[in-house]
Amino acid sequence: MGSRSSHAAVIPDVDSIRRETGFSQASLVRLHHRFQALDRNKKGYLSRMDLQQIGALAVNPLGDRIIESFFPNGSQRVDFPGFVRVLAHFRPVEDEDTDQDPKKPEPLNSRRNKLHYAFQLYDLDRDGKISRHEMLQVLRLMVGVQVTEEQLENIADRTVQEADEDGDGAVSFLEFTKSLEKMDVEQKMSIRILK
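Residues numbered from 1 in each chain as written. Predicted model: local features only at pLDDT ≥ 70, side-chain atom pairs only at ≥ 80, totals over all residues. Heavy atoms only, no water.

Observations regarding the packing of aromatic side chains
- As enumerated under the stated definition, the model contains eight aromatic pairs in all.
- With 6.5 Å between their ring centres and 35° between their planes, F80 and F83 make a pair best called tilted. Here F80 pairs with F83, and both are found in helix α7 (residues 80-88), just three residues apart, close to one helical turn. Each member of the pair, F80 as well as F83, is classed as buried. (Phe/Tyr/Trp six-rings, centres within 6.5 Å; stacked < 30°, edge-to-face > 60°. Helix = DSSP H or I, 4+ residues; strand = E, 2+ residues; numbered from the N terminus. Buried < 20%, exposed > 50% of the residue type's maximum accessible area, 1.4 Å probe, protein only.)

Some details on the UniProt feature "domain: EF-hand" (unreviewed entry) in the chain
- Per the UniProt record, "domain: EF-hand" (unreviewed entry) is annotated on residues 26-61, 110-145 and 151-186.
- Between the end C-alpha atoms of residues 26-61 there is a gap of 30 Å, over a span that is 61% helix and 0% strand. (UniProt positions renumbered as here; feature names shortened; annotations may be inferred.)

Focus: unusual backbone geometry
- Not every positive phi belongs to a glycine, and K42 is a case in point at roughly 55°.
- If you trace the backbone, K42 turns up in the loop between α3 (25-38) and α4 (48-51).
- We classify K42 as exposed; its relative accessible area is 60%.
- Positive phi is not limited to glycine here, since N73 has a value of about 55°.

Spelled out as structure tokens, the structure:
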């Protein structure tokens, strides 16, 4: 009565979701409870407004961009599998994650997938490049009024110039990954409760 496995039975396709996301069954049960709590009207999906109830996103300068990532291709709702797919990018990398079968898809929490997720937060127009203008917009969100517009423009210019290896005035995904090669993305882009 009330066991975790009986709660897992309520989650449709729990085994395929577990394989795809790498979450344990217990974590999926906890995330399903959180999903249901956010879905106050019991619609079976979440809207942007539902996700705006998450306090950590409300105070995060990139909260709106993160919320937007739950709704690819202009969709207006996210179901439970879509919800946990996005959250899987923030699952900490465990030792067993590095022993990956080359025939299986790359885990959602791999370095490459974490970087791709972060890149999309900056690539506002989704053209595969981060322009100076996009960098400036994201910097404005992140620092607010603490820095002058001139300082922000200088930071955006310098950031794009340092990462832009091919001289096209924008940062491609490959250039983005190279500029972050020394950063411990696997741990910095992790939420400890998501195992």
